[in-house]
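Commentary on secondary and tertiary structure
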Amino acid sequence: MSFRLKTILGIGLIGSLLLFSLIITMLDYIEEAQNRELLERANTTINLFTSAAREPFLASDLAKLESSIQDILTNPNIVYVKLIDSDNSIVSMGGEQQALNRSFVEDKSLQQAMSDGILDISYNMEIDDFILGIVQIGISTKSVKDDFQLIKNYALSVVGIELLLIILLSFILGTWLTRQLITLKLAAENIEKGRLGYQVNIQGNDEIALTAKTFNSMSTQLLETENLQHKTMQQLKLAEEQSRLLLTSAGQGIFGTDNFQKISFANPEAAKLLGFDSSNEMINLDINSLFNDSSLLQNIKKSLGSGQRIHINDDTLQTTDKLSLNIEYTCSPIKIEKRIIGTVVTFNDISQRKQAEATIEKAHLSALDNAQTKADFMANISHELYTPLHGVIGLLQLIDKNKITDDYAEYITHAQNSAEHLSKLIDNILDFSKITSASMQLANIDFELQDLLSECITSNIQNASKKQLDLRLSFDSTTSWLKGDPQHLKKIINNLLDNAIKFTHQGSIILSVQAIEQTDQKIKYEFSVKDTGIGIPTDIQSKLFQTLQQVDTSTTRAYGGTGLGLATCKALVELMKGDIRVASEENQGSEFIFNATFDISSIQASLDDTDH
Ligand code: ADP
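One structure accompanies this document, and this report is about it. Since we're looking at a predicted model, the values are computed, not measured.

The rules behind the values
Residues numbered from 1 in each chain as written. Predicted model: local features only at pLDDT ≥ 70, side-chain atom pairs only at ≥ 80, totals over all residues. Heavy atoms only, no water. Helix = DSSP H or I, 4+ residues; strand = E, 2+ residues; numbered from the N terminus. Rg over C-alpha atoms; globule rule 2.2 N^0.38 Å. Contact = heavy atoms within 4.5 Å. Lys, Arg positive; Asp, Glu negative; His and termini not counted. Charge placed at Lys NZ, Arg CZ, Asp CG, Glu CD. Pairing = 2+ DSSP bridges. Axes fitted to C-alpha atoms, helices over the stretch in contact; angles between N-to-C directions. 1 Å grid on protein atoms, 1.4 Å probe; cavity = no way out; pocket = protein on both sides within 12 Å on 5 of 7 lines; lining within 4 Å. Points joined across faces, edges and corners; volume = space filled by probe spheres on them. Nonpolar A, V, L, I, M, F, W, Y, C, P; charged D, E, K, R; others polar. Parallel < 35°, antiparallel > 145°, perpendicular 65-115°, else oblique. Left-handed = near helix turned anticlockwise from the far one by under 90°. Polar contact = N/O pair within 3.5 Å; in protein donor to acceptor, adjacent residues only side chain to side chain. Salt bridge = Lys/Arg side-chain N within 4 Å of Asp/Glu carboxyl O. Buried < 20%, exposed > 50% of the residue type's maximum accessible area, 1.4 Å probe, protein only.

Digging into the overall build of the protein chain
The helix and strand inventory of the protein chain stands at 17 helices and 16 strands. In summary, the protein chain has a C-alpha radius of gyration of 69 Å against a globular reference of 25 Å for 612 residues, an excess of more than 25%. In terms of its C-alpha atoms, the protein chain occupies a principal-axis envelope of roughly 225 × 65 × 55 Å. In the protein chain, the proportion of contacts linking residues at least 24 apart, taken out of those at least 6 apart, comes to 60%. On the protein chain, the mean spot of the 52 positive side-chain charges and the mean spot of the 77 negative ones are 6 Å from each other.

Given below as C-alpha cells:
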C-alpha cells in the first residue's frame, strides 16, 4: 500500500471516526431529550387529568368522568385512560380496546415502553394521604419514535454527505501532503536506474523540502563519486594495460608469488625461460615444487620473510626440462602499507653474457699477453738500440774538438744533438709502450715537490731563454714532502713545458701548482702549464690526448714531434688517479691542467713537528 493511500485512508478514517462518534453522541442526546420530554409530558397529562377527574370521582359523577376521559382522548398520543377505585374496580375508561384489554403493567423504563409502543403510567388520586383511586394512562410512543427515526434518517444522510466530503478532502489533503514525497520517490527511482545527479524541484521550506535538499546534494555527491570512480577505473585500466604490455614485452622473465608461495602472475618470457608453453600454466604453481632446493627458492623465501630486496648476479637454475639455466635475478618484496603480500622475481638468462664475458676475459688475457710480448720486445729492441747509440754518444764525447777543424767540430755537435734526440725518442717510445701495455708500475717514494718543480724549470730554462721567453714557477703549498713517482711526474711536467716552449714565440710560460684538497694522509694538487703561444683550434682540443695526434701536418712540418707526448701524459696522469684537460684559444695561448693525488710523506710530519 502506497504512503499516499495510507495517508488518505488515515485522514479518512480519523475523519469518519470523529464524525461517527459525533453523530452517535448527538443521537443519544436527542433520544434522551425526547424521552425526557415524553416522560414530562406524560406526567403533566396524568397530573392534569387526575386533578380534573378528582371532583367528579368524589361526586361519583360518571357522566362527567366519561366526558373528561373523552376530552383527554382527543389528544392523539393518549392511547387509553382507566380510572380504578380503591377496591381495584374500574370506575371509567376509554381508548383503544386492545390496549384496555391488556393487564396493566407500569413501565419502569422507557425501553419497556418502547417495546410495545405504549408508555404505561399510573398516578394515585389522593386526599390528605388517603388514596381515593388510581389513574392509569397509556401514552403512545410512536410520535417520539417516528421523530427519532426522522432525526436518525436525517443524521444518516448528513453522515453520508460528510463521509463523501471526508473522502474527497482526505484524498486532496493526502495527495497534497505526499506530493513532495512522491517526487522524492520518483527521484530515488531515477537514481536507482543509474541517473546519478538527478535533482528534485524543491518547494517550500518544510521538513520534506529539507529532505529534498539533502537528497539533491546526496545525488550530486553520488554523481561526483561516480565520475571519480570512472576516472580512477580508466586510470587503473590504463595502468593495467601498461603493466600487461610491460610484462608481455619485457625481455626479462618476470613472475610474482603470493604469501602462500604460489605463483600469482608470470610473463611470457618467464614461461619461455622456465620451459612452459604459456605463462598461464605457471599460475598457482607451488614454488617449492617448481624450484626444488634452488638458491632462488631460498632467496624468494628470504625476501618474503625479511622484506629485503635480494639481487644475485650469477646463479644456476634447474628448468623443467632438466636443463640448467644461468640466471641473474632480483627478488623484490611487494608491500602494501608495510605489509608484505608477495614477491616479484625478475630474471635474465645470462648464458650469452657469460659466454661473452669468457670471450672478453680470454681476449683480455691474450691482449695482456700481447702487451707483455710487445713490452718485452720494446725493452729488447730499446736495449739493442740504446747499446750502439750510447756507444756512438760516448765516442762522440771522446772526440777532442780542439784537435779538429771547426767544420768537423760543428758536424760532431750536430751528431751529438741528433744522437741525444734519438735517445730521448727511444726513451719516449719505451715509456709509452710500457704504460699502455699495463706493465708499468708507478714508484712510491718520498720526494719534495718544490725541488722537483724547480728541477723542471731549470732543465727547460735554457730552451726558453733561447726564444727569449719568460719561464716562471708559482707554487703555493705548505706541504711539499710527498710519496709518489717523481720521475714520471717530472716527465709529465717536462712534456707540457717542452710543448709550451715549442709552440710559443713570445711572452711567458707559467708553471703553477696548488693544493686543492687535503686530508691528514692525502693531498691533491692541480698542476697548470700556461703559455701565450699559438693556441689550439677548439675542434682539435678533444682529440689531442689520443695517441699520435697533432693539430695538422703543417704543425709537424714546422715544429717536428711525434704526437706521443700528450698521450703519454694522459696515461701517466690516469695512473696517478687524476685527469688532464686543455683550455686554449687560437693565437692567444694554451693552458694544460692536470691533477694528481699523493700520500703525504712522513718526512713532512716530522718537519711540521720541528717547525712547531
Ligand atoms: P708532439 O711530440 O707532436 O709535440 P704532443 O702529443 O706533445 O706531441 O702534442 C700533440 C700536438 O698538440 C702537437 O703536435 C701540437 O700540435 C699540439 N700542442 C701540444 N701542446 C701545445 C701547446 N702548448 N700549444 C699549441 N699546440 C700544442
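Now that the structure is up, let's keep going.
Section: the sheet that holds strand E1 (residues 78-85)
By way of backbone hydrogen bonds, the strands of a sheet pair with one another, either parallel or antiparallel. The sheet built from four strands is open, its strands ordered E2-E1-E4-E3 with antiparallel pairing. Each having just a single partner strand, strand E2 (90-95) and strand E3 (118-127) make up the two edges of the open sheet. With direction set aside, neighbouring strand axes in the sheet form an average angle of 15°. Strand direction decides the pairing type here: E1 and E2, joined by five bridges, are antiparallel. The residue bridging Ile84 from the neighbouring strand is Ile90, located in E2. Packing of helix H1 (residues 3-58) onto the sheet brings it into contact with E1, E2, E3 and strand E4 (130-140), and relative to E3 it is tilted by some 40°.

A short note on the layout of surface pockets
Taken as a whole, the second largest pocket holds about 270 Å³ of empty space. Breaking the lining of the second largest pocket down by element, the ones donating at least two residues are strand E12 (481-484) and strand E16 (589-600). It is E16 that contributes the most residues to the lining of the second largest pocket, three residues altogether. The class makeup of the residues in the lining of the second largest pocket is five nonpolar, three polar and five charged.

Looking at the side chain of Ser601
Locating Ser601 in the fold gives a position in the loop between E16 and helix H17 (602-611). The residues contacting Ser601, other than those within four sequence positions of it, are Asp446, Trp481, Leu482 and Lys483.

A few points about the packing of H1 against helix H2 (residues 62-73)
Where H1 meets H2, the closest approach of the two axes is 9 Å, and the angle between their N-to-C directions is 165°. By the angle between their directions, the pair H1 and H2 is classed as roughly antiparallel. When the axes of H1 and H2 are compared, the crossing they make is right-handed. On the side of H1, the interface is formed by Thr45, Phe49, Ala53, Pro56 and Phe57, while H2 contributes Lys64, Leu65, Ser68, Ile69 and Ile72. Counted by class, the contact of H1 with H2 contains seven nonpolar, two polar and one charged residues.

Structural notes on the side chain of Ser528
The topology assignment puts Ser528 in strand E14 (residues 522-531). Within the structure, the side chain of Ser528 is placed 2.7 Å from the side chain of Glu591, a separation counted as a polar contact. Ignoring any residue separated from it by four or fewer positions in sequence, one finds Ser528 in contact with Ile510, Leu511, Ser512, Glu591, Phe592 and Ile593.

Description of unusual backbone geometry
For Gln468, which is not glycine, the phi torsion reads 55° and is therefore positive. Assignment of secondary structure puts Gln468 in the loop between helix H12 (449-466) and strand E11 (470-476). Unusually for a residue other than glycine, Lys577 sits at a positive phi of about 60°. The residue Lys577 is located in the loop between helix H16 (565-575) and strand E15 (580-585) in this model.

Topic: the pattern of salt bridges
Inspection of the entire model under this criterion finds 15 salt bridges. Here Lys185 makes a salt bridge to Glu189, at a shortest N to O gap of 3.7 Å. Taken together, the positions of Lys185 and Glu189, both in helix H5 (residues 142-192) and four residues apart, correspond to about one turn of that helix. Lys354 is the salt-bridge partner of Asp314, the closest N and O atoms lying 2.9 Å from each other. Within this pair, whereas Asp314 is found in strand E7 (residues 310-318), its partner Lys354 is found in helix H10 (residues 351-398), the two being separated by 40 residues in sequence.

Topic: the environment of Lys152
Note that Lys152 resides in helix H5. Owing to a relative accessible area of 34%, Lys152 belongs among the partly exposed residues under this scheme. Remark: the alpha-carbon pair of Lys152 and Ile23, spanning 129 residues in sequence, is separated by 9.1 Å.

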